[in-house]
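# Reading the structure
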Amino acid sequence: MRGTWGWLALLACVLWAGGVWGVQRIALEIGEIRHPVATMGGLQLRFEADGTLLLRARSARFAGREWSAPTLRCASARLDVQGFRCDEGRLQLDGKVLPLRFAVEAAFERGDVRVVARLGDGLIEAALDRTGATSVLFSGVELDALLAVAAPFAGALPVQLKGLNPVAKLNGAVAWDPARRRLTLNAQLEEGGFASADGLLAAEALAFAVHLDATEQGSAWSWSVGARWVAGAAYVHPLYLESGPALEARGTLHAGRLRVHEAVLAVDGVERVRAESAFVLDPPGLERLEFSLQGIDLDRAGKRWLAPLLFPAQVDRLRFSGRADVRLEMRAGVVEGLTLQLDEAVLGLRGAAGGEGVGLGPLVGGGSWSRTQPTEMRVAVGGGYWEKLALGAFSIEAHLAPEHASFARMEIPLLGGALVIDEFGLKRGGGHWEGRASVVIEPVSMRALTAALDLPEMSGVLSASLPGVRANPGEIALDGALVVSVFDGYLQATGLRLLEPFGVASHLSADIEARHLDLHQLTETFSFGNITGFVDADVRGLELARWRPVAFDARIASSPGEYRRRISQRAVENISALGGAGALAALQRGLIGFFDSFGYRELGLRCVLRDGVCAMDGVEGVQRSDGGFVIVRGGGVPALDVIGYNRRVDWNELVDRLQRVIDENVSPELH
């Protein structure tokens, strides 16, 4: 370095002499200049009499890479025996002129260099002495201007950031101490913000403070960093993030690997966030990560962090409380292990239509999953609910393997009976997890069940069997038949498939058949009057959207066999509403006032629902010349027929009016 200053001093003397003797141009070539920060070869210098200066190197190495033909141009330069000064300087790298103007001053006696550069309204000041000690101060530097200057040094990164339209002002200092081989950085970012075109990334009023301390030890670097998010907020889909988090980390950089020995993050709702990791820099990639969250306050952190990550479409409906600990291990970007412990945790999902929804808790216990070996999980569940149905305490025990899980038999107390889940297993396939189980509902009081579901009170018990239930993300399907005992008969559902069961766009499809339902129990339950006898029912192609019928082909008919068949006056009036005006012949209307009940031979009703309209029909195979359809065929003494004439009925109107019949016990009229 001292030799370099000597050559420049000699050049200054030559230039001074040239000025005395009227020399118009001086050119100089230097084979190589070496410095701890940079090396230049094939250096050419040309000084014009008007004070302009051109300094070009055939090649140079600095900022960790090779550069072709770096060139410095000075609009005004001075070189004498005391030193060198360049004003209005411009730098060209790889054929591109950097968008900044600067001044350079070098003192030969002291052997130091000062650079002052302006980027817009910002200022960068750099100083370099003969020992290689370097300092850089920057104040009010606009981020977009800095990215434009950094583009040749940072590859595609500035281009990627440009798509976010980032803004910020930077202040701070960088210092290099060659004697201690130590690099320090203290920086503040203010008035920061960014926004992507798709709106999935956005931030405003950001402020950060960062401190870095790195020491070179042989071929490795030892470093520590502290960062604090001072102000502002950001949306990084699906997370909304606010200022407050602070990070402290330490590690090493050696042989192209960045190792984080310990990183501790302070974040709202979590007592401690700790991580260890290793990154490969070329090509960039995660080699190892161990990440743990201790003391997660589910009430505070649940909606802010967990809900957007795990259930982004259900954030407003999720409920959390209690505490949890989580540990995650990754190798080469692949999850190797996951551990979860719960302490008095309660998890809930509010109903899509404002109902109670579903929930479990308190949950105590947990377990771990490993990609390389089997593990176990045990969780005690204090209870739960599904809408207004209360679930008793039970336990969840499972054997976990890398690609599947098997659960022990679960008996969940329910309304004096039990919901039994057996042969429950999960298996990974096609990039997601799929579940299978068999479900049995042991006898449950219908009186308690209907009260919990806000349905008309029913007597007896309910039992059901679901031999094969399949579940995958967004879908629950039934293999085989769901059989339910009800009203002294049974109801069987096949082809049952439920999409988005907890979503706002839930959709259910199934085929249902019911056999030998006791009409006395059924009509008594729904305050419809009184009918004795039995009916069979079939509902083909049933589709519910958001739990409301949108399509089906339903038929109700008298069950075969010998049994007492009577229909009350009240039931006749209500059934006649389905047929519209004229459902009872004038002669038959007179009978209504004289008898409390009537005999009937058979009854039948069909509704094919499409596009909100129900196409009506009656007893199968019975035709009338006047276009009507028979709902009730009279039989015995006295006997009367109920005839329908309105073959197209608005479904919502029909449901509303029949509901009013039940609720208010008044005669309906359909027009």
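Located above this text is the structure these notes cover.
Read on for a plain summary of the structure. Just so it is clear, the structure is predicted and the values come from calculations on it, not from any experiment.

Once that is clear, we can look at the overall build of the protein chain. Secondary structure summary: the protein chain contains nine helices and 44 strands in total. Here the protein chain, with 671 residues, has 38% of them falling under the buried criterion. Within the protein chain, contacts between residues at least 6 apart in sequence are counted, and of these 44% link residues at least 24 apart. When the accessible surface of the protein chain is totalled, it reaches about 35800 Å², and 57% of it is carbon and sulfur.

Among the nonpolar cores identified, the biggest contains 82 residues, and Ile 531, Phe 552, Ile 567, Ile 575 and Val 632 are the most heavily contacted of them. Broken down by element, this core gets its largest block of residues, six residues, from strand β40 (residues 597-610). If sequence neighbours within four positions are ignored, Ile 575 has contacts with Phe 528, Ile 531, Ile 567, Ile 631, Val 632 and Val 642. In terms of nonpolar packing, the next biggest core, distinct from the first, is built from 37 residues, Leu 45, Leu 53, Leu 93 and Ala 234 among them.

We now examine the packing of aromatic side chains. Going through the model one piece at a time under the given rule, you end up with five aromatic pairs. With a centroid separation of 5.5 Å and 20° between ring planes, the pair formed by Phe 208 and Trp 229 is classed as stacked. Of the two residues, Phe 208 is situated in strand β14 (residues 201-217) and Trp 229 in strand β15 (residues 220-236); the sequence distance between them amounts to 21 residues. Judged by relative accessible area, which is 28%, Phe 208 ranks as partly exposed. Both rings, one in Phe 534 and one in Tyr 563, keep their centres 5.3 Å apart while their planes meet at 85°; by these two values the pair is edge-to-face.

Position of Ala 510 among the secondary structure elements: in strand β36 (residues 507-518). Separated by 29 residues in sequence, Ala 510 and Val 539 have C-alpha atoms that sit 8.4 Å apart.

What follows is about the state of the cysteines. The tally for this structure, following the rule as stated, stands at two disulfides. Paired by a disulfide, Cys 607 and Cys 614 hold their sulfur atoms 1.4 Å apart. Like Cys 607, the residue Cys 614 is buried in the burial classification. Regarding the disulfides, the protein chain carries the connectivity 1-2, 3-4 under sequence-order numbering of its bonded cysteines.

This paragraph deals with the pattern of salt bridges. Here the structure, examined in full by the defined rule, presents 34 salt bridges. In this structure, Arg 327 and Glu 329 form a salt bridge, with 3.6 Å as the shortest nitrogen-oxygen distance. Note on Glu 329: relative accessible area 27%, which makes it partly exposed. Where Arg 470 meets Asp 479, a salt bridge forms, and the shortest distance between an N and an O atom there is 2.9 Å.

Another aspect to go through is unusual backbone geometry. Cis geometry is adopted by the peptide bond preceding Pro 238, which originates at His 237 and carries an omega value of 5°. By the element assignment, Pro 238 lies in the loop between β15 and β16 (239-242). Of the consecutive residues Asp 282 and Pro 283, the connecting peptide bond is found in the cis state with omega at -5°. Relative to the helices and strands, Pro 283 resides in the loop between β19 (270-281) and β20 (284-297). One non-glycine residue, Asp 488, lies in the positive phi region at around 60°.

Pairing of strand β28 (residues 404-407) with strand β30 (residues 417-429), which is carried by three bridges, proceeds in the antiparallel orientation. Within β30, the residue paired with Ser 406 across the bridge is Gly 425. Sheet topology places strand β29 (residues 410-414) next to β30; five bridges connect them, and they run antiparallel. Bridging across to β30, Glu 411 finds its partner in Val 420. Here β29 folds back onto β30 in antiparallel fashion, the turn holding two residues, of which Leu 415 has a positive phi close to 50°. In this antiparallel pair of consecutive strands, β30 and strand β31 (residues 432-445), the connection spans two residues, and Gly 430 shows a positive phi of 65°.

The rules behind the values
- Residues numbered from 1 in each chain as written.
- Predicted model: local features only at pLDDT ≥ 70, side-chain atom pairs only at ≥ 80, totals over all residues.
- Heavy atoms only, no water.
- Helix = DSSP H or I, 4+ residues; strand = E, 2+ residues; numbered from the N terminus.
- Buried < 20%, exposed > 50% of the residue type's maximum accessible area, 1.4 Å probe, protein only.
- Contact = heavy atoms within 4.5 Å.
- Areas by Shrake-Rupley, 256 points an atom, 1.4 Å probe, with all protein chains shown as cover.
- Core = buried A, V, L, I, M, F, W, Y, C linked by side-chain atoms within 4.5 Å.
- Phe/Tyr/Trp six-rings, centres within 6.5 Å; stacked < 30°, edge-to-face > 60°.
- Disulfide = S-S within 2.5 Å.
- Salt bridge = Lys/Arg side-chain N within 4 Å of Asp/Glu carboxyl O.
- Pairing = 2+ DSSP bridges.

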